[in-house]
Each structure stands twice: as structure tokens, then as C-alpha cells.
Amino acid sequence: VVPAKWGTPDNYYEQYHLVLVTGGNGNYKIHRREDDLSDAFEEELTPGKIIFMSRGWYLDTWQNKNVPEPLRIAPLRLVFHDNRSGEVFDGMADEEPFYLSFTALNMVKYVNLFEKHFQYHTLEMPGLNATLSNSILSQIMCEMVIDLRFNENTQTQFIDNLETAR
């Protein structure tokens, strides 16, 4: 559950984010340049919404106070590492930021996967915890592709988001 006063103005994200909204209501205002909202767009945070965004975005966030249930999100921050050295991989530094969102038809599937990811990530077994949590992250991504590719209700939004991301 996010705190009642949750919100951030112009927060710059240097990591990839994967967010599942599990309850309540809030908003993201996403834009590419600090203090410049000319390219901004808003995303309503409603239960079942899944958001995957690259680094390179500025994000204003707020919780809608007129909704009786507080906003609940399951956020994952993602950092890529070089397989050989283990160092943070910065090979995507020059990419254009991208953003994808859709509403899951089966939110329970994603809640279970996110919970499993958190469970594995917090295991006190160095090495194994990363391997297990990364396998669940791969499964989450695969489920997203399947849902977006084969769900008629999200195909149009997927194509629109893909065009926006380019």
C-alpha cells in the first residue's frame, strides 16, 4: 500500500520499472524532459494495470484521494548486468525511452508471479535467489507477450504503445 501522501514530482528514473497495480487508484504523468510537459502523457493506475517502462523518463505520481481504497502497487526495479563480469550493463544508454501499459485480464496470475518473484528475491541464498527471481521475471515477461499478442482487447493498445515507443 502506498502512503496517503504518496507522490513525486519530476522523479527521473535510471532503472527499468515493471509495476502491477493491485488496488486503489492513482496516476502517472510521464515525460522525457525535466520541467517540460510538452510530450507528457498520463496513465491512470487502476487494478490490473501493468506498466513496463525503460529508464530515461521523468515521472510525476499521485494517488487519487477521492477513492476509498488506497493505491496498492507491486513495483519491480530492474537493472541489467553483464553475464560475464557481473557489472551493471550500460549498453542501452543511448536508447530512446519506451513505455508499455495494459490491463491484465487475469490479474491473479500476475499477482501470484509478482509474489513469487519477491519471495525468491528475498531468499537468503546468494546466487540462487537471483537465479530463481530472474526465472520468474522471465515468466512474467513471457506472460505479458502472450497476453498482448493473443488478446484482441489489448492488441490495438499494444500497437498504439509500440508506435509511441518508437
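Everything discussed here concerns the structure shown above.
First, a word on scope: everything that follows refers to the structure included in this document. Source: prediction; values computed, not measured.

### A few points about the pattern of salt bridges
A complete count under the given rule lists five salt bridges for this structure. Here E42 and K29 are joined by a salt bridge, their closest N and O atoms 3.9 Å apart. With E42 in strand β4 (residues 41–45) and K29 in strand β3 (residues 26–31), this residue pair connects regions lying 13 residues apart in the sequence. Between D147 and K109 there is a salt bridge, with the nearest N and O atoms lying 3.1 Å from each other. One end of the pair, D147, is in helix α2 (residues 128–150); the other, K109, is in helix α1 (residues 107–121), with 38 residues separating them in the sequence. The exposure class assigned to K109 is partly exposed, which follows from its relative accessible area of 21%. The structure contains a network of salt bridges with shared partners spanning K109, E143 and D147.

### A few points about the layout of surface pockets
As a volume, the largest pocket reaches approximately 520 Å³. What lines the largest pocket is a set of 17 residues, among which L78, V79, H117, N134 and L137 lie closest to the centre. Elements supplying a minimum of two residues to the lining of the largest pocket: β7 (72–78), α1 and α2. If you tally residues by element for the lining of the largest pocket, the top one is α2, at seven residues. For the lining of the largest pocket, the class distribution of residues is nine nonpolar, seven polar and one charged.

### Overview of α2
With 23 residues, α2 extends 33 Å between its outermost C-alpha atoms, agreeing within 8% with the 33 Å of an ideal straight helix rising 1.5 Å per residue. For α2, the set of buried residues is N129, S133, I136, L137, I140, E143, M144, D147 and L148.

### Concerning the sheet that holds strand β2 (residues 16–23)
Spatially, four strands are ordered β7-β2-β5-β8 in an open sheet, and the strand pairing comes out antiparallel. The open sheet has two free edges, formed respectively by β7 and β8 (99–103), since each of these has just one partner strand. Recorded for the sheet is a direction-independent mean angle of 10 degrees between the axes of neighbouring strands. For β2 and strand β5 (residues 49–53), the ladder comprises four bridges, and the chain directions are antiparallel. Note that in β5 the partner of V19 across the bridge is I51.

### Some details on the packing of aromatic side chains
Two aromatic rings are characterised by how far apart their centres lie and by the angle between their planes. This model, assessed by the stated rule, comprises seven aromatic pairs. Ring pairing ties together the aromatic residues Y16, F52 and F98, which thus form one cluster.

The rules behind the values
Within each chain, residue numbers correspond to sequence positions counted from 1 in written order. Side-chain atom pairs in this predicted model are given and counted only at pLDDT of 80 or more, local residue features only at pLDDT of at least 70, and totals for whole chains, interfaces and linings cover all residues. Here the side-chain values reflect all heavy atoms present in the structure, with hydrogen atoms and water set aside. Salt bridges are counted wherever a side-chain nitrogen of Lys or Arg sits within 4 Å of a carboxyl oxygen of Asp or Glu. Each helix corresponds to a stretch of at least 4 residues labelled H or I by DSSP, and each strand to a stretch of at least 2 residues labelled E; elements are numbered beginning at the N terminus. Burial here depends on accessible area, computed with a 1.4 Å probe over protein chains only, as a share of the maximum for the residue type. Under 20% is buried, over 50% is exposed, and the range in between is partly exposed. A pocket here means an open set of points on a 1 Å grid, computed over the protein atoms alone, that has protein on both sides within 12 Å along at least five of seven lines. A cavity is instead a set of points where a 1.4 Å probe fits but cannot get out; residues with an atom within 4 Å of a point line either one. Grid points are joined across faces, edges and corners, and a volume is the space filled by probe spheres set on the points. By the convention adopted, Pro, Cys, Tyr, Trp, Phe, Met, Ile, Leu, Val and Ala count as nonpolar, Lys, Arg, Asp and Glu as charged, and the other residues, Gly among them, as polar. One less than the number of residues in a helix, times 1.5 Å, gives the span that helix is expected to have. In this description, strands pair whenever DSSP reports at least two bridges between them. Axes here refer to lines fitted to C-alpha atoms; in helices the fit is confined to the stretch in contact. Angles between the N-to-C directions go from 0 to 180 degrees. Within 6.5 Å between ring centres, the rings of Phe, Tyr and Trp (the latter by its six-membered ring) count as paired, and their orientation is classed by plane angle as stacked under 30 degrees, edge-to-face over 60, tilted in between.

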